[in-house]
Amino acid sequence: MIDLGGDLRSRDEISEAMARHNDFRHLSDTGAISRRTFLRSLASSPSLAFLASSPHTMQRDTGERSGSKLEQQQFLISYDEQSITGLSHPQDPHQAEFLLPGGRLGTPIVRYRVADGDWLDIYTRTRRREVDPQNHELIYTDFDRGSPLKMVQRFTLDRDHLDWKISIETTMNFPVTIGDLAIPLPWRAPAGADPTTIFERSFTKHHFISGHGSFLYFTKPSGDPPYLIITVHPGTKLEYYATEGRGIYRAYIHSGLSGNRETRGTWRQPHTYLELGPAQAPNSKVEYGFRFRWATSYDELRQILYEEGLFDIRVAPGMTVPEDLSVKLSLHTKNEIASIEAEFPGETKITYLGQPQLDHHLFEIEFKRLGENLLTIHYDKGRRKTYLEFFVTEPLETLIKKRSRFIAQRQQHRAPAKWYDGLFSVYDMRNGVLRGPDDTDGFDYWWGYVLACDDPALCKAPYVAAKNVHFPEREEIAAVEYYLERFVWGKLQRTDKEEPYPYGIYGVPNWKVNRDPDLRKRAGIRNSLLDKWPLWRSYDYPHVIMLYYHMYEIARMYPHLVRYLDAAGYLERAYQTARAYFTYPYEILPEAYETYKIGCYNELVIIDLIAALEDEGHKERADWLRAEWEKKAKYFIYDDKYPFRSEYPFDRTAFESSYALAKYGATHDMKPDANLWFDKRLKKWYSHRVVRREDARAFMERQLRANLAVRGWLEAAYYLLGADFTASSDIGALSYMAQMGGWAILDYAISFASRPHDYLQLGYASYLSAWALMNTGRAETNYGFWSPGANNDGAAGWQFMTAKFGRAWIRKDMPRGAWYYDGEIDLGFGAALRTAMTVLTRDPLFGWLAYGGTLELRGDALHVIPRDGLRKRFCAILDDRRVQIELDRDGFARGQPLITDQSLTRLRLTLENRTSDTHTTSLRISAAGAQAYEVIHEGERVGTAKPNGASSFKLKVKSTPQTKIELIAIPSNQ
């Protein structure tokens, strides 16, 4: 033991002197002055001179300088006189330090007042440290006999955990009110440019701030273990958090002062105060605690939650849930649940389904109230609470159609006299205004890209086009063609006649500035690269490729609905734009826009474009484009350990592309090569002497782990489960990347995962998540939750402000909820259209389950009604077989069930004719396993779907409203 108290006289002198010289102490603690300078300042002061030679001070300082440590099997901690200064796992191969440089663990924020006095910080200037090495214990005591509060922090290190207990008690004969009690957690967030530091020695923070069930966990951006989890001790709760920048985070046990002072936003949990009685009274003391543990898998994280008396929560299909789908909820806990209380009991039905496994409590929930819905779990005889936040939307098909209609009708500028005629721009739903170049709301100069180019503006037309592939509407298609004719061709995009760089796409801030012969217009927003053609931004090209490709599909299937170009014309534009994508950015600005090295959203449509070129007889073009795509696939698989970057060294944007490239490599035989392409920046050739599918599968697993690391998985709140975030979800989450990366997870579950059920849960929750950003409703709900009013029915938010109030990166202040600008979110909605599917499976916990549909068991028969938004894709997953069904047009009949037996030996489905004419529909069946199927259309055999592969069939659909399809399993002996 080390006693740093001294006699009372010297302690009083120290307290008084240190109070007068607090500036020196602060500077010394933060490293702003050296220890030598600090001690000189002590020696020069009569009241502090004795401190400079005090044996206690020297011992204390020696501890700081030598970096005192405690170590157990799974923890290595460093500490000094004031707090813990380092925390790591001794067996971590990358020796990742959890705390931010200069960060400290053990500096609780306590703000209190006596009677009606001022709010004060607890007195900590005489902190005393005690060390018990044999019991691996650190004790920090804050007490001065002139202070009304005493705080003791006790850190106890055991073999597999670190406990942190905080006790606070009154010391005088009057009560004290604590307004704030928070724990700062200065974790090491991803930063810098070194990939190993970013991905292996930094952490992404996840949190579930939910009363007595709260926890935090930290994952490396690579997704590799170990993972650190912090759980609350029984009786400890968290109710609020605040952040002051990356790595500066405070989790509040009580937030009555700070939380109630922030009145600009809403919060879903109460901000509480703590009332302590006079010294020695029964309520004069309180103790809270936290436990730190390491885990090597998500399963182990879940087990820790269970072991520590919290809740391992699973939800299907997600926490953003359409009103026409029910929710299955599993609470894996040791706690005795007293009740689950609905925020709107008259519009919520909760049914207890029992315990299929020990301590797994299952519930079915049906919501009828649109918008936010809170469920409160009461347990420990009602003394404790944990909160589950859901968001209820209109049916998915309604959302998909409303969004497309809103963009076409409310977000297009029709102004023939203006240079931006035809532009689809961003919508401000708070003010009910379509912004544009003449009404910018501060998006000026360089920021003008938000309104007229780049991802926020370029993502809207591709979404409308993609939706109309599935549900064609003449007026919406006409709006897209108006955009192409009046804003894109010869303006945003160079024509086929413009040299150099035909088909090039102009970037930031808009084509008008970039085409202006007066260079001063560009010089006004950029201080370099004025000698370059502003066509280098790789990210712009895939949006336009996607747009042309979907217009090709529309023109091919519904030629009577297009007028600007025919199918051949749109396919030509798609190909030439893809060619420009792989050529111009790298040619113009190779040091910044290395197309083969960065994942660009929507570029996966190039795979479909290659197939279309082949189908249309353009083999040479298909081969050229495939070769370019394979250059990129090989780079991601072989040439970069961390190819997860996009615009930034660490960016969750890339995970749609990284998975698409991995999947391509795992399902195609790419050839070895020598000197495939030359890296202009690194001055090297890339060669691949051996190219194997199994290497692509290994990369697929790596990128999957990294994808999981930057999205909510254990956090049971609609804006976190399946949502994306970089470094933390403190300010923003739930952007377009939730659904783009979510597509990858769901497809992995269906196509590759040997244990698919976890990935089905997370992938489908990701698909559903960002639909919560849409503002829709009916007359009785005033047409929306975020910005009510009929004029906003179909508007959407860019992403979600998770803080009670914060500043978004677009320089706008936002209250908690959906941002009032839509911006890039239509990238995510476009990905959602690629994802939409009804999935039938037998979950090991929930039993038979239909993601994106309703399910009814009738004896051995399963009746599934698709409600996934498109009704065009169906997948059934059993342990030994999987079947996928996909239509290129039409869809499964609304309200009609797909019927199968439980072994998938016979499937019956009804198709609806969405154009009421005679045409051909392509049916694609993919069967994994040894099962082949005979395909029957209206009683006639049309072919056999082969096992372990994909088969396509052309169905001649009559002009009748519906047509019948059957899949009948062929016995293996035939």
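Residues numbered from 1 in each chain as written. Predicted model: local features only at pLDDT ≥ 70, side-chain atom pairs only at ≥ 80, totals over all residues. Heavy atoms only, no water.

A. Main features of the packing of helix 17 (residues 567-588) against helix 18 (residues 605-615). Following both chains from N to C, one finds helix 17 and helix 18 inclined at 130 degrees, their axes separated by 11 Å at the closest point. The angle between helix 17 and helix 18 falls in the class oblique. As helix 17 runs across helix 18, the sense of the crossing is left-handed. For the pair helix 17 and helix 18, contact is made by Leu571, Ala574, Tyr575, Ala578, Tyr581 and Phe582 and by Ile606, Leu609, Ala612 and Leu613, respectively. Its residues assigned to classes, the contact of helix 17 with helix 18 comprises 10 nonpolar, no polar and no charged. (Axes fitted to C-alpha atoms, helices over the stretch in contact; angles between N-to-C directions. Helix = DSSP H or I, 4+ residues; strand = E, 2+ residues; numbered from the N terminus. Parallel < 35°, antiparallel > 145°, perpendicular 65-115°, else oblique. Left-handed = near helix turned anticlockwise from the far one by under 90°. Contact = heavy atoms within 4.5 Å. Nonpolar A, V, L, I, M, F, W, Y, C, P; charged D, E, K, R; others polar.)

B. Region of interest: the sheet that holds strand 25 (residues 384-393). Sheet architecture is open: 4 strands sit in the order 19-25-24-21, paired in mixed fashion. The open sheet terminates on both sides in strands that have one partner only, identified here as strand 19 (320-322) and strand 21 (337-342). Averaged over all neighbouring strand pairs, the angle between strand axes comes to 30 degrees, with direction disregarded. Examined bridge by bridge, strand 19 and strand 25 share 3 bridges and lie parallel to one another. Pairing of Pro322 across the sheet is with Thr393, part of strand 25. (Pairing = 2+ DSSP bridges.)

C. Quick peek at the environment of Leu855. Its location among the elements puts Leu855 in strand 37 (residues 853-858). By relative accessible area, which is 26% here, Leu855 ends up partly exposed. Put simply, Leu855 and Pro866 are 11 residues apart on the chain and 9.0 Å apart in space, counted from C-alpha to C-alpha. (Buried < 20%, exposed > 50% of the residue type's maximum accessible area, 1.4 Å probe, protein only.)

D. Region of interest: the environment of Glu300. Along the chain, Glu300 turns up in helix 8 (residues 298-307). Glu300 sits 73 residues away from Tyr227 along the chain, and the two C-alpha atoms are 9.6 Å apart. Apart from the residues within four sequence positions on either side, Glu300 is in contact with Trp294 and Ala295.

E. Structural context of empty space enclosed by the protein. Per the stated rule, a full pass over the model turns up 8 cavities of 30 Å³ or more. The calculated volume of the largest cavity comes to roughly 110 Å³. His207, Ile209, Glu389, Tyr719 and Leu720 are, among the 16 residues lining the largest cavity, the residues nearest its centre. Looking at which element gives the most residues to the lining of the largest cavity, the answer is strand 25, with 3 residues. For the lining of the largest cavity, the residue count by class is 10 nonpolar, 5 polar and 1 charged. Residues from two domains meet in the lining of the largest cavity; each of domain 1 (68-309) and domain 2 (312-393) gives at least three. Roughly 80 Å³ of internal volume is contained in the second largest cavity. For the second largest cavity, the lining is made up of 13 residues, of which Ile313, Arg314, Val315, Trp713 and Leu721 are closest to its centre. (1 Å grid on protein atoms, 1.4 Å probe; cavity = no way out; pocket = protein on both sides within 12 Å on 5 of 7 lines; lining within 4 Å. Points joined across faces, edges and corners; volume = space filled by probe spheres on them. Domains from an automatic or database assignment.)

F. Broad picture of the nonpolar core. In terms of nonpolar packing, the biggest core is built from 277 residues, with Leu87, Ile168, Phe290, Phe292, Leu388, Met551 and Trp771 touching the most fellow members. With residues up to four places along the chain from it excluded, the contact list for Phe292 reads Phe75, Leu87, Leu105, Asp160, His161, Leu162, Trp164, Leu228, Ile229 and Ile230. Membership of the second largest hydrophobic core comes to 28 residues, among which are Ala850, Phe892, Leu923 and Ile925. (Core = buried A, V, L, I, M, F, W, Y, C linked by side-chain atoms within 4.5 Å.)

G. Spatial organisation of the pairing of strand 40 (residues 882-887). Pairing geometry for strand 39 (residues 873-877) and strand 40, over 5 bridges, is antiparallel. Counterpart to Phe874 in the pairing with strand 40 is Ile885. Between strand 39 and strand 40, which follow one another and run antiparallel, lie 4 residues. Where strand 40 and strand 44 (residues 919-928) come together, 6 bridges link them in antiparallel fashion. Opposite Val883, over in strand 44, you have Ala927 as the bridge partner.

H. View of the packing of aromatic side chains. Using the criterion set out here, one finds 71 aromatic pairs in the structure. Geometrically, the ring pair formed by Phe582 and Tyr596 is stacked, given 6.2 Å between the ring centres and 25 degrees between the ring planes. Taken together, the residues span a long stretch of sequence, with Phe582 in helix 17 and Tyr596 in the loop between helix 17 and helix 18 at a distance of 14 residues. Across the pair, exposure class does not vary: Phe582 and Tyr596 are buried alike. What links up through ring pairs into an aromatic cluster is the set Tyr541, Tyr581, Phe582, Tyr586, Tyr596, Tyr635, Phe636, Trp677, Tyr686 and Phe699. (Phe/Tyr/Trp six-rings, centres within 6.5 Å; stacked < 30°, edge-to-face > 60°.)

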